[in-house]
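# Chains, contacts and geometry: an overview
Chain by chain, the residues run as shown.
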Amino acid sequence: MAARVEQLVTSGEFSLDGGTWQVDNNVWLVGDDHEVVVIDAAHDADAIAAAVAGRTLLAIVSTHAHNDHIDAAPELAARTGAPILLHPADEVLWRQTHPDREPDAELADGQQLTVAGTVLTVLHTPGHSPGAVSLYAPELGTVFTGDTLFAGGPGATGRSFSDFPTIVESIRERLLSLPGETVVRTGHGDATTVGAEAPHLEEWIARGH
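What comes next is a walk through the structure.

Cut-offs applied
Position numbers for residues count from 1 along each chain, tracking the sequence in the order it is written. Side-chain atom pairs in this predicted model are given and counted only at pLDDT of 80 or more, local residue features only at pLDDT of at least 70, and totals for whole chains, interfaces and linings cover all residues. Side-chain numbers come from the whole structure's heavy atoms, not from hydrogens or water. Only when DSSP finds a minimum of two bridges between them are two strands counted as paired. Think of it this way: any DSSP run of H or I at least four residues long counts as a helix, any run of E at least two long counts as a strand, and we number them from the N terminus. We call two residues in contact whenever any of their non-hydrogen atoms come within 4.5 Å of each other. Orientation is described by axes fitted as lines to C-alpha atoms, over the contacting stretch for helices, and by angles from 0 to 180 degrees between their N-to-C directions. By convention a nonpolar core is built from buried Ala, Val, Leu, Ile, Met, Phe, Trp, Tyr and Cys residues, the set being connected through side-chain atoms within 4.5 Å. Each residue is assigned to one of three classes by its accessible area relative to the maximum for its type, calculated with a 1.4 Å probe on protein chains only: buried under 20%, partly exposed between the two thresholds, exposed over 50%.

### Quick look at the sheet that holds strand β10 (residues 142-146)
Reading across the sheet, the six strands line up as β7-β8-β9-β10-β13-β14 and stay open at both edges, with mixed pairing between neighbours. Every other strand in the sheet has two partners, leaving β7 (112-115) and β14 (192-193) as the edge strands with one partner each. Pairing analysis gives four bridges linking β10 to strand β13 (residues 183-186), with the strands arranged parallel. Paired with Thr-142 across the bridge in β13 is Val-183. Sheet strands touched by helix α5 (residues 164-175): β8 (118-124), β9 (133-137) and β10. Its angle to β8, the strand with the most contacts, is close to 145°.

### Comments concerning the nonpolar core
Membership of the largest hydrophobic core comes to 26 residues, with the highest contact counts inside it found for Val-38, Ala-41, Ile-48, Leu-57 and Ile-60. Elements represented by at least two residues in this core include exactly β1 (4-16), β2 (19-31), β3 (35-39), α1 (45-52), β4 (56-61), α3 (73-80), β5 (84-86) and α4 (91-97). If we ignore the near neighbours within four places in the chain, the residues touching Leu-57 are Val-36, Val-37, Val-38, Val-52, Leu-76, Thr-80 and Ala-82. Grouped together as the second largest cluster of nonpolar side chains are 18 residues, Ala-3, Trp-28, Val-61 and Leu-113 included.

What follows is the structure in structure tokens.
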């Protein structure tokens with residue numbers, strides 16, 4: 001059976017630089033009836049474990065280490081034995097949320113993760129955070145962009161450890177170069193496509209945020 005994509009929306013708080021906001025997060029599961037990976041273990045380990053539904057959880061992949069994308073990761077890992085994967089450039093953010101629990105393994109640009117016979121390629125897409133990554137699955141016609149690219153533009157870059165020129169370069173070089181029909185599955189909100197977003201790059205640059 002080919003891998004499929006499942007979406008779970010969880011709710012909780014995002015905190016950074018002394019502010020706190022209520023947010024809804026997309027948790028993505030990629031796999032089949034036997035094995036699965038979780039992309040961004042956000043807020044609710046109970047709900048995510050229920051969605052895993054007894055399948056073998058191969059990995060908990062973190063697109064970046066803002067607390068709303070990793071807050072449930074250690075509990076989910078403890079329940080399932082799955083390793084938590086994070087790009088090392090985001091460990092400074094990780095420690096703000098989990099000072100006593102390190103990620104289990106590092107993500108690297110070009111790394112390939114395989115689940116249910118389907119390859120997810122890690123694309124280092126910094127800007128929203130230094131270690132932000134996207135996961136490209138050409139066989140599924142999709143890319144999981146975390147908070148790097150949304151329907152309507154780049155992720156936020158107004159807080160610590162973020163940079164607008166960097167996120168624009170990541171989107172231009174790593175994401176908008178993918179086939180136009182590629183579905184962009186985001187960390188929050190609705191999906192879009194590469195083709196829908198590509199024409200607006202210069203507008204985003206002109207806006208400067």
